[in-house]
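Chains, contacts and geometry: an overview
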Amino acid sequence: MKVERELRMAEGDGASSYAANSRLPRKALLEIRPVVQKAVEELYSSLSPGSTMVVADLGCSAGPNTLLVVSDVMRTIHAAYAREGTDDRRAMEVQFFLNDLPVNDFNLIFRSLEQLQNLSTEMEEMAGPPCYVAGLPGSYYSRLFPCQSVHLFHSSYSLMWRSKVPEDLSNGTHINEGNIYIGKTTPPNVVTLFREQFENDFKLFLMLRYRELVYGGRMVLTLLGRKSEDMLTHGEVSSMWELLAQALQSLVQKGRVGKEKLNSFNLPYYAPSLNEVKALIKEDHFTIEHTQIFESNWDPCDDSNDDVVLDPTSSGDNVAYKSIRAVIKPLIVNHFGETILDELFIVFASMVAKHLEIRRAKYPVIVVSLKKATH
């Protein structure tokens, strides 16, 4: 699997697109809004008049959530400007970079730029700083910016994705039989491969961003993770991927998918615990300003906090068709072909419904706000 060529969300803005089925990431953006606002306000107050604040959204994908990030940052800046009641900041400008892999649906972003232009015009009319937006294709596991050129990095629902499937899995040295991620039958050495890939990727990510951030620059990172060190706690993301693997296994049993085809499919993914994230952050590089874990229901349309799911069948359909299909469809189609897609998600929806009959399932979401150390 070539991640830079294959990893993307479902394109366009139709009924089955990621843009139309990304309510879970949106809820996360709303949850962490105060954290982002605090980082932006502190950066704004540290800049001298006439400065350009550079902000980058890493793993931006496409759709309304992309615009929400930009508008939240700009409205925070404008509110800070209005509180000052001075003209000193009128010369300030904001440069916003929207980054994702080259296969991302940047065309949808560009078609949405008119909304951002309207926002920028609105800000200027209220004497706020203008905002300039540019797309930036490329992997955030590589250098993206010159040294000390970025004030704020934001990334939401992206850093669970790895730069590649662990090599010893992709080349067949080890086999994760019947699984696509870490399941109950995943061998311990394969779990170690997934964990080591995360550690290598995240250390590289932090080193690259450290070089690109100005001193005192900020990062706000939000990613799916685990509440504990247990890889298979009920309701966590590994359980969801295990259900999708079981749905694929059912197609193997029907002869619709080859067993070898399933065994050669592994996700470039790892959902860490908060402790695993914190252990990789070097204190001489970054200060940890804030951490938190909140939970989000598997069903993107269910905002209830009750333990019992009232309609597991409906929730199963929502998980399958209003969330996971839009995320995983391109990878499934590329590896298995499009002919199994509808059948696979019918089976998956049914399995999720049975899982939710036990009790409500939730994703733990990790939030980390970092400040680059000053020297």
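Further up the page is the structure itself.
Below, the structure is looked at part by part. In this text, all values refer to a predicted model and were calculated from it rather than measured experimentally.

In contact at an axis separation of 9 Å, helix α3 (residues 33-46) and helix α4 (residues 64-84) are set at 50 degrees when each is read in the N-to-C sense. One way to sum up the angle between α3 and α4 is to call them oblique. When the axes of α3 and α4 are compared, the crossing they make is right-handed. Packed against α3, whose contacting residues are Arg33, Val36, Gln37, Val40, Glu41 and Tyr44, the element α4 presents Leu68, Asp72, Val73, Thr76, Ile77, Ala80, Tyr81, Arg83 and Glu84 at the interface. Here the contact of α3 with α4 is composed, by residue class, of 8 nonpolar, 2 polar and 5 charged.

What follows concerns the pattern of salt bridges. Opposite charge on two side chains allows them to pair when their charged atoms are near. For the structure shown, the criterion picks out 20 salt bridges. Ionic pairing is found between Glu242 and Lys184, a salt bridge with its closest N-O pair at 3.1 Å. Of this pair, Glu242 sits in helix α9 (residues 237-253) while Lys184 sits in the loop between α7 (167-170) and α8 (188-212), and the two are 58 residues apart along the sequence. Linked through salt bridges whose partners overlap, the residues forming this network are Lys38, Glu42, Arg218 and Glu289.

What follows concerns the pairing of strand β5 (residues 213-224). Of all the 12 residues making up β5, 11 are buried; the element is thus mostly covered by neighbouring parts of the structure. In terms of strand pairing, strand β4 (residues 150-156) meets β5 through 6 bridges, oriented parallel. Looking across to β5, one finds that Ser155 is bridged to Leu221. Note that β5 and strand β7 (residues 362-372) share 7 bridges and pair antiparallel. Bridge assignment links Arg218 to a residue of β7, and that residue is Lys371.

The next subject is the side chain of Thr66. Structurally, the position occupied by Thr66 is in helix α4. The buried category is assigned to Thr66, whose relative accessible area is 1%.

Turning to the packing of aromatic side chains, a few remarks are in order. Under the criterion given, the structure shown has 16 aromatic pairs. For the pair Phe198 and Tyr270, a centre-to-centre distance of 5.3 Å together with 25 degrees between the ring planes defines the contact as stacked. Of this pair, Phe198 sits in helix α8 while Tyr270 is found in the loop between α10 (259-263) and α11 (274-279), placing the two residues 72 residues apart along the sequence. What makes Phe198 buried here is its relative accessible area of 1%. For the ring pair Trp241 and Tyr269, a centre distance of 5.5 Å and an interplane angle of 80 degrees mean the geometry is edge-to-face. In this pair, Trp241 is assigned in helix α9 and Tyr269 in the loop between α10 and α11, connecting sequence segments 28 residues apart.

Our next topic: the nonpolar core. Membership of the largest hydrophobic core comes to 123 residues, with the highest contact counts inside it found for Phe202, Phe205, Trp241, Tyr269, Ile328 and Phe348. When residues no more than four places from it in sequence are discounted, the contact partners of Phe205 are Leu58, Tyr140, Tyr141, Leu159, Met219 and Leu221.

Once that is clear, we can look at the environment of Tyr18. Locating Tyr18 in the fold gives a position in the loop between α1 (3-6) and α2 (23-31). Taking the C-alpha atoms as reference points, Tyr18 and Ile324, separated by 306 residues in sequence, lie 9.2 Å from one another.

A few words on the sheet that holds strand β2 (residues 93-100). Here 7 strands make up an open sheet; going across it, the order is β3-β2-β1-β4-β5-β7-β6 and the pairing mixed. Because the sheet does not close on itself, it has two edges, and the strands there are β3 (131-137) and β6 (286-297). Between one strand axis and the next, the sheet turns through 15 degrees on average, direction left out of account. Strand direction decides the pairing type here: strand β1 (residues 52-58) and β2, joined by 7 bridges, are parallel. Paired with Thr52 across the two strands is Glu93, which belongs to β2. Across the sheet, α2 lies against β4, β5, β6 and β7, angled at about 135 degrees from β6, the strand it touches most. Those strands touched by α8 are β1, β4, β5, β6 and β7, and its axis lies near 150 degrees from that of β5.

Among the structural elements, Leu248 can be located in helix α9. Ignoring sequence-local partners within four residues, the contact set of Leu248 consists of Ile180, Leu262, Phe336, Ile340 and Leu344.

Note on Glu242: relative accessible area 10%, which makes it buried. Taking the C-alpha atoms as reference points, Glu242 and Asn179, 63 residues apart in sequence, are found 6.7 Å from one another.

Considering the arrangement of structural elements, one finds Thr222 in strand β5. In contact with Thr222, not counting residues within four places along its chain, are Ala28, Ile32, Ser155, Ser156, Tyr157, Ser158, Val365, Ile366 and Val367.

The rules we used
Residues numbered from 1 in each chain as written. Predicted model: local features only at pLDDT ≥ 70, side-chain atom pairs only at ≥ 80, totals over all residues. Heavy atoms only, no water. Axes fitted to C-alpha atoms, helices over the stretch in contact; angles between N-to-C directions. Helix = DSSP H or I, 4+ residues; strand = E, 2+ residues; numbered from the N terminus. Parallel < 35°, antiparallel > 145°, perpendicular 65-115°, else oblique. Left-handed = near helix turned anticlockwise from the far one by under 90°. Contact = heavy atoms within 4.5 Å. Nonpolar A, V, L, I, M, F, W, Y, C, P; charged D, E, K, R; others polar. Salt bridge = Lys/Arg side-chain N within 4 Å of Asp/Glu carboxyl O. Buried < 20%, exposed > 50% of the residue type's maximum accessible area, 1.4 Å probe, protein only. Pairing = 2+ DSSP bridges. Phe/Tyr/Trp six-rings, centres within 6.5 Å; stacked < 30°, edge-to-face > 60°. Core = buried A, V, L, I, M, F, W, Y, C linked by side-chain atoms within 4.5 Å.

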